[in-house]
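# Working through the structure, step by step
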Amino acid sequence: MSTAIVTTQATGGYLDNVGRAALNFLRALFAAAPATAATSHGCASQASLMRDRAGLLRFAQQFDELQPSQAAELRNLAGRD
């Protein structure tokens, strides 16, 4: 018996969207990591924190239309102290 994998437009689109969401999440996670590490060591200034938060908010605006839940998560990260 053989097994065939059928890739249609619907499954390709879904898998493509899942892959893009995962990559975007990882990019956002690693983009926020330096700011988090700096504050845990006490070496981040107020200006750098505000700049990092503004960067996260700009990054979230890119995802508003296609992935609103990811944009909300980025805004949540920006709002944390």
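One structure accompanies this document, and this report is about it. Everything numeric here is computed off the predicted structure, so don't read it as measured data. (Residues numbered from 1 in each chain as written. Predicted model: local features only at pLDDT ≥ 70, side-chain atom pairs only at ≥ 80, totals over all residues. Heavy atoms only, no water.)

## A few points about the side chain of N24
Applicable threshold: The way it works is that DSSP assigns letters per residue, a run of H or I at least four long becomes a helix, a run of E at least two long becomes a strand, and they are numbered from the N terminus. Exposure is judged per residue with a 1.4 Å probe applied to protein chains only, and the accessible area is read against the type maximum: over 50% gives exposed, under 20% gives buried, and values in between give partly exposed. The contact criterion used is simple: two residues touch if any of their non-hydrogen atoms lie within 4.5 Å.
Relative to the elements of secondary structure, N24 occurs in helix α1 (residues 9–41). According to the relative accessible area criterion, N24 is buried, its value standing at 12%. Among residues more than four places away in sequence, those in contact with N24 are F63, Q67 and Q70.

## Section: the packing of helix α2 (residues 46–62) against helix α3 (residues 68–79)
We apply this condition: Each axis is a line fitted through C-alpha atoms, taken for helices only over the stretch in contact, and angles between the N-to-C directions span 0 to 180 degrees. When an angle is under 35 degrees it counts as roughly parallel; over 145 it counts as roughly antiparallel; between 65 and 115 it counts as roughly perpendicular; any other value is oblique. Classification convention: Asp, Glu, Lys, Arg as charged; Ala, Val, Leu, Ile, Met, Phe, Trp, Tyr, Cys, Pro as nonpolar; all other residues, Gly among them, as polar.
The contact between α2 and α3 brings their axes to 8 Å, and the two run at 170°. As judged from the angle between their axes, α2 and α3 are roughly antiparallel. Across the interface between the two elements, R53, L56, L57, F59, A60 and Q61 of α2 pack against A71, L74, R75, L77 and A78 of α3. Residues that form the contact of α2 with α3 fall into these classes: eight nonpolar, one polar and two charged.

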